[in-house]
Amino acid sequence: MMKRMKSALPVLLLLLLLAALWEAATALLQIPHYMIPKLSDVFVSMWDNRSLLVKHFGVTLQESLIGLCFSVVLGTLAAVWIESSSLAKKTIYPLIIASQTVPIIALSPIMVMWFGYEIWSKVAVVILFSFFPLAVNTADGFRTADEGIGELMRTMGAGRRDLFLKWKLPSALPGFFTGLKMAATISVGGATLGEWLGGESGLGMYTKRASNMLRGEAVFSGVLLLSVMGILMFLFASLLEAIVLARRNGRK
Amino acid sequence: MAAELEGMNLSLSVRGLCYSFTKEQPLFQDLDFDLRQGEFASLLAPSGLGKTTLFRLIAGLLAPERGTIRIFDNQAAEPVNGSVRRPGRVGYMPQRDCLMPWRNVVDNAALGLEISGIPRREAKRVVTGMLPEFGLEGAADRMPHQLSGGMRQRVSFMRSMLSGGDLLLLDEPFSALDAMTRISMQEWLLQIWEKHRKTILFITHDVDEALLLSDRLLVASAAPVSTLAEVEIRQPRPRTYKDLMNGEFIALKQQVLELLHYRLDVTERKTGAAEEEGTEGGAFRT
């Protein structure tokens, strides 16, 4: 634990330095507060609106987490499907890859059309964003499983079930967690976008409304909190990964 | 050769084996050979002659195009047809150790038992009891990345021993080890083999290694392989590397090298022929 704190020290120092630069530059260069507010003003605004921000933070976090859970289930199922059927490998997998050329942002209003202004349209946008990294990384995990182990198991008389449970599944876990870390971070962005398109609460809506009123310090406090949320989601996914894969890597 | 071994207890019998990856270049053509119950045989061949393919055929990972591969069980000596053979009767030790990085030593070694349907706890108990014999005492909970190359091979070997069959196929198991570890692993392998007396078919590139370990060498020299030249090694056991210096071993080694060199001559002759064709072609052009 001490070791990890020590390794985090340089980046914390850098953050402090950047914060000091921000504060100094905005004061010295007299940048208008609606362009870049003073960092201290951002924190003051955060504190003044703390109860409101906590509520909005909770709303956005909930949307991200629900969407992420759906993506975990759907992405894993898609990966298993791709892995278990050579037809799906030839059809679904390239389709999922190609689907990334469709701008997700452009699809998002459709979600609002389908699911309305309640939480489910935001969840749907989150799924649009986070499904891909989970499905593809998990599928790649399955695909890159060590063939040597599979062959060895076949000489031992292993059937499909044994091969999947004892070989493919454990082999795909690192890929799954790579996908989860990407999806966790990106899901906050999805929820924010969902709120911009139509919503009454959440940090995305809060920043948009504040920006309409040129309240720079409120916009920045929302952005900072969204970043914190993204970082927390990422750290949580990393922690899960470290726990599950601890034995095989041995370094964490 | 088949006649010679007739009446003995066989462990493996290969008859008329044909296999090829491409139509133009068959690997095996009407190959016959046998392994006796409990013998240590080494397969020596230049690379590219399909040693590993032969193992994959015997292990049931590939189906022969023609011919039969019969494996006889020690207990019930009933032959099993090559084409419909139920897998799980040979212990296959691949060239790479292929340990599962997510399993510790015991769980890795217990893989074969688990697949054959023995409950996990029981399988673990069996493996744990055998760890000292395999030089893995106290390593039960270690993960593969915490093991040395030699120890990984011990786990891999133990796993193939426990896969059920009386026939073990070892595919260059020590080729990736440093010279010192290799020697100690060879001695260790002989100890285990003398105790359990399983039939071993051992692939190697190393003539010394083959001479030290085997009762019999099977030497393939030219593609497609249709016969395996046999060299019996009747020197008393236990043998050490020192014995390899004595006259009888040196004579055997020369014999084996000649068998292997046979192919070199053929290739030389072939390239010579190609060159001649080349000059003829050149002459034609002018």
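Nothing here was measured: the structure is a model prediction, and the numbers come from that model. (Residues numbered from 1 in each chain as written. Chains lettered and ligands numbered in written order. Predicted model: local features only at pLDDT ≥ 70, side-chain atom pairs only at ≥ 80, totals over all residues. Heavy atoms only, no water.)

Q: Even after reading the chapter, I still don't get the overall build of chain B, so can you show me in this structure?
A: A tally of regular secondary structure across chain B gives nine helices and nine strands. Out of the 286 residues in chain B, the part that is buried amounts to 51%. (Helix = DSSP H or I, 4+ residues; strand = E, 2+ residues; numbered from the N terminus. Buried < 20%, exposed > 50% of the residue type's maximum accessible area, 1.4 Å probe, protein only.)

Q: What's the story with the overall build of chain A in this structure? I'm lost.
A: Scanning chain A for helices and strands turns up ten helices and zero strands. Secondary structure of chain A in N-to-C order comes out as α-α-α-α-α-α-α-α-α-α. Dimensions along the principal axes, computed over C-alpha positions, put chain A at roughly 75 × 50 × 30 Å. Across the 252 residues in chain A, those meeting the buried criterion constitute 42%. For chain A, the computed accessible surface area is about 14,000 Å², with 73% contributed by carbon and sulfur atoms. Both charge centroids of chain A, one from 23 positive and one from 15 negative side chains, sit 7 Å from each other. (Areas by Shrake-Rupley, 256 points an atom, 1.4 Å probe, with all protein chains shown as cover. Lys, Arg positive; Asp, Glu negative; His and termini not counted. Charge placed at Lys NZ, Arg CZ, Asp CG, Glu CD.)

Q: Please explain the sheet that holds strand β8 (residues 216-219) of chain B as it appears in this structure.
A: Whether parallel or antiparallel, the strands of a sheet pair through hydrogen bonds between backbone atoms. All names here are of chain B. Strand order in the open sheet formed by six strands is β5-β6-β7-β3-β8-β9, and the pairing between neighbours is mixed. Strands at the two margins of the open sheet, each flanked by one partner only, are β5 (90-93) and β9 (229-232). The average undirected angle you get between the axes of adjacent strands in this sheet is 20°. Strand direction decides the pairing type here: strand β3 (residues 40-44) and β8, joined by four bridges, are parallel. Within the sheet, the bridge partner assigned to A41 lies in β8 and is R216. Seen against the sheet, helix α7 (residues 179-196) touches β3, β6 (167-171) and β7 (199-204) and runs at an angle of roughly 160° to β7. (Pairing = 2+ DSSP bridges. Axes fitted to C-alpha atoms, helices over the stretch in contact; angles between N-to-C directions. Contact = heavy atoms within 4.5 Å.)

Q: Teacher, can you tell me more about the interface of chain B and chain A here?
A: Counting from both sides, the interface comprises 24 residues of chain B and, opposite them, 20 residues of chain A. Taken over both partners, the interface formed by chain B and chain A buries close to 1,900 Å², and the fraction arising from carbon and sulfur atoms is 63%. Summed over the three residues of chain B that lose the most area to chain A, namely L61, W102 and I115 of chain B, the buried surface amounts to 32% of that side. One can count three salt bridges joining chain B with chain A. For R56 of chain B, the salt bridge goes to E151 of chain A, with nearest N and O atoms at 2.5 Å. Our count for the chain B to chain A interface comes out at four residue pairs in polar contact (both at pLDDT 80 or more). Of all the secondary structure elements, the ones that give two or more residues to the side of chain B that touches chain A are β5 and α4 (111-115) of chain B. At four residues, α4 of chain B tops the list of elements feeding residues into the side of chain B that touches chain A. (Buried area = accessible area lost by both parts, 1.4 Å probe. Salt bridge = Lys/Arg side-chain N within 4 Å of Asp/Glu carboxyl O. Polar contact = N/O pair within 3.5 Å; in protein donor to acceptor, adjacent residues only side chain to side chain.)

Q: Hey, could you run me through the packing of helix α6 (residues 149-161) of chain B against α7 of chain B in this one?
A: A pair of packed helices can be characterised by two numbers: the angle between their axes and the separation between those axes. Residue and element names in this part refer to chain B. Packing of α6 against α7 brings their axes to within 11 Å, and their N-to-C directions diverge by 20°. The angle between α6 and α7 falls in the class roughly parallel. The two elements α6 and α7 cross, and the hand of that crossing is right-handed. Listed contacts from α7 to G150, Q153, R154, F157 and M161 of α6 are T181, M185, W188, L189, I192 and H196. Split into classes, the residues belonging to the contact of α6 with α7 amount to six nonpolar, four polar and one charged. (Parallel < 35°, antiparallel > 145°, perpendicular 65-115°, else oblique. Left-handed = near helix turned anticlockwise from the far one by under 90°. Nonpolar A, V, L, I, M, F, W, Y, C, P; charged D, E, K, R; others polar.)

Q: Can you help me understand the nonpolar core in this one?
A: General note: in soluble globular proteins, nonpolar side chains tend to be found buried as a group. Membership of the largest hydrophobic core comes to 45 residues, with the highest contact counts inside it found for M153 of chain A together with L12, F28, F33, I58, L169 and L201 of chain B. Ranked by residues supplied to this core, first place goes to strand β2 (residues 26-36) of chain B with five residues. M161, L168, M185 and I200 of chain B belong to the second largest nonpolar core, which has 36 residues in total. (Core = buried A, V, L, I, M, F, W, Y, C linked by side-chain atoms within 4.5 Å.)

Q: Which parts of the structure should I look at to understand the pairing of β8 of chain B?
A: Both faces of the sheet carry side chains from a regular strand, because those side chains alternate between them. Residues and elements named next belong to chain B. Alternating residues of β8 divide into R216 and L218 and L217 and V219, and every residue in both groups is buried. By the bridge criterion, four bridges tie β8 to β9 in an arrangement that is antiparallel. Residue pairing for β9: L217 is matched across the bridge by V231.

Q: Looking at this model, I keep getting lost on the pattern of salt bridges. Mind explaining?
A: Pairing between side chains of opposite charge can happen when the charged atoms of each approach one another. Residues and elements named next belong to chain B. Per the stated rule, a full pass over the model turns up 21 salt bridges over all chains. Notably, a salt bridge pairs E232 with R36, separated by 2.7 Å at the nearest N-O pair. With E232 in strand β9 and R36 in strand β2, the pair connects residues that are 196 residues apart, well separated along the chain. When its relative accessible area of 23% is taken as the criterion, E232 is described as partly exposed.

Q: Help me out: how do you make sense of the packing of aromatic side chains in this one?
A: Each aromatic ring pair is described using two quantities: the centre-to-centre distance and the angle formed by the ring planes. Inspection of every chain in the model, using the stated rule, returns 13 aromatic pairs over all chains. Ring centres of F70 of chain A and W120 of chain A lie 6.4 Å apart, and the angle between their planes is 85°; on these two criteria the pair is classed as edge-to-face. A residue pair is termed long-range when its members are at least 10 positions apart, and F70 of chain A in helix α3 (residues 50-84) and W120 of chain A in helix α6 (residues 119-143) qualify at 50 residues. The exposure class assigned to W120 of chain A is partly exposed, which follows from its relative accessible area of 44%. Aromatic pair F40 of chain B and F202 of chain B: ring centres 5.7 Å apart, planes at 45°, arrangement tilted. Here the residue F40 of chain B occupies a position in strand β3, and F202 of chain B occupies one in strand β7, the gap between them amounting to 162 residues. Positioned over the ring face of W188 of chain B is R154 of chain B, at 5.0 Å from the centre of the ring. (Phe/Tyr/Trp six-rings, centres within 6.5 Å; stacked < 30°, edge-to-face > 60°. Lys NZ or Arg CZ within 6 Å of the ring centre and 35° of its normal.)

Q: Hey, could you run me through the environment of L111 of chain B in this one?
A: Mapped onto the elements, L111 of chain B comes out in helix α4. For L111 of chain B, a relative accessible area of 0% corresponds to the buried category. Measuring from C-alpha to C-alpha, the distance between L111 of chain B and L190 of chain B comes to 24 Å, with 79 residues separating the pair along the chain. Among all residues touching L111 of chain B, those that are not within four sequence positions of it are M153, M156 and K166 of chain A together with M100, R103 and R159 of chain B.

Q: Even after reading the chapter, I still don't get unusual backbone geometry, so can you show me in this structure?
A: For the bond from R237 of chain B to P238 of chain B, the omega torsion is -5°, close enough to zero to count as cis. For L214 of chain A, which is not glycine, the phi torsion reads 55° and is therefore positive. With respect to the helices and strands, L214 of chain A occurs in the loop between α9 (203-212) and α10 (216-249). One non-glycine residue, E172 of chain B, lies in the positive phi region at around 40°. Here E172 of chain B is to be found in the loop between β6 and α7.

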